[in-house]
Amino acid sequence: MSELSFCKSFLSALDARPAKLSSDHIADARQYPAQGAYTLPRLPHPPHPQRPNPKTSTDNGSTSTSSQTISITLKPMKPSTPTISLSSIDPAKTSVYDIKQQYATQASLSAAKIKVLYKKKPVTDSKTLLEVIGSDAGSEVEFGVMVMAGAALEGAASPAAGSTPVTSPPAVAPPTESEKGLASAGETIAGAASGTAGAGAESGKDIVATDEFWGDLKTFMLQRIKDADEGERLVGVFKEAWQQNK
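Computed from a predicted structure; not experimentally measured.

S.K.: Would you explain the pairing of strand β1 (residues 70-76) in this entry?
M.R.: Each regular strand displays side chains that alternate between the two surfaces of the sheet. The side-chain alternation of β1 yields one buried face, formed by I70, I72, L74 and P76, and one unburied face, formed by S71, T73 and K75. Bridge analysis of β1 against strand β5 (residues 140-147) gives 6 bridges, and the strand direction is parallel. In the sheet register, S71 faces β5, and the bridge partner there is E140.

What follows is the structure, given as structure tokens:
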């Protein structure tokens, strides 16, 4: 069979079929056969789940709330600034900038001069703590704090400076001429006599008769001539002359 004969037979077979309905065809409902409407049967309702126990939900809620909060320790790299601990921090709602601001407020420092470190690496201020530490970091997390130069606020004293007051040493009086050994014998004797007279109101003869006077004279002679034997000899000469003329 050739192609032309096949096409003719195919078209003749199509012409024998009824004509197709047009797109705007309307059927008359009154010509439909009378029959009852068929409806699907209703399915049974599934069993309702049991209502949760209010106490159990409360306990679970408190447990989940407590597990979401963590304790943070802000430890500086240098001991000149304090270590600050923060408790009950929600890592999902707290950013790195928030803890940096709290540290700057409590330590009286400028937040712009502070860098927050986690595992010795700087972190971005815009990130939340949950993004930095992850969900398996535990309930206690330690962050490092790097304080740059010029972070101290004006008018705020550092903790180290406030805890240890600076005191000036007491003034030391310069040594007198008699202490240096430069005073004359008359000045030394007069000074000793005036001091003794002021203390006990004794007369000059009583002062010369004391062993303290001759001890001071011996010390003075030793300081002046730098010879112990000659000093003792001169003191003996003075004492012998005094005993003869008293």
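There's plenty left to go through after this.
S.K.: Sorry if this is basic, but what is going on with the pattern of salt bridges here?
M.R.: Once the charged atoms of two side chains with opposite charge are near each other, the side chains can pair. One pass over the structure, following the stated rule, counts 4 salt bridges. Of the charged contacts in the structure, one is a salt bridge between R30 and D28, with a shortest N-O distance of 3.3 Å. Looking at D28, the relative accessible area reads 30%, which means it is partly exposed. Among the ionic pairs, E230 bridges to R233, the shortest N-O distance being 2.6 Å. Within this pair, E230 and its partner R233 are both found in helix α10 (residues 228-245), separated by 3 residues, close to a single helical turn. Residue R233 is classed as partly exposed on the basis of its relative accessible area, which comes to 45%.

S.K.: What is the right way to read the packing of aromatic side chains from this model?
M.R.: Note on aromatic pairs: each is described by the distance of the centres and the angle between the planes. Inspection of every chain in the model, using the stated rule, returns 4 aromatic pairs. Consider the rings of F213 and W214, whose centres lie 5.1 Å apart with planes at 80°: the pair is edge-to-face. An identical accessibility class is assigned to F213 and W214; each is buried. Chaining the aromatic ring pairs together yields one cluster made of F213, W214 and W242.

S.K.: What's the story with the side chain of T94 in this structure? I'm lost.
M.R.: With respect to the secondary-structure elements, T94 resides in the loop between β2 (84-89) and α3 (96-107). One polar contact links the side chain of T94 to the main-chain carbonyl oxygen of D90, over a distance of 2.8 Å. Not counting the four nearest positions on each side in its chain, T94 is found in contact with I89, I99, T128 and L129.

Criteria and cut-off values
- Residues numbered from 1 in each chain as written.
- Predicted model: local features only at pLDDT ≥ 70, side-chain atom pairs only at ≥ 80, totals over all residues.
- Heavy atoms only, no water.
- Buried < 20%, exposed > 50% of the residue type's maximum accessible area, 1.4 Å probe, protein only.
- Helix = DSSP H or I, 4+ residues; strand = E, 2+ residues; numbered from the N terminus.
- Pairing = 2+ DSSP bridges.
- Salt bridge = Lys/Arg side-chain N within 4 Å of Asp/Glu carboxyl O.
- Phe/Tyr/Trp six-rings, centres within 6.5 Å; stacked < 30°, edge-to-face > 60°.
- Polar contact = N/O pair within 3.5 Å; in protein donor to acceptor, adjacent residues only side chain to side chain.
- Contact = heavy atoms within 4.5 Å.

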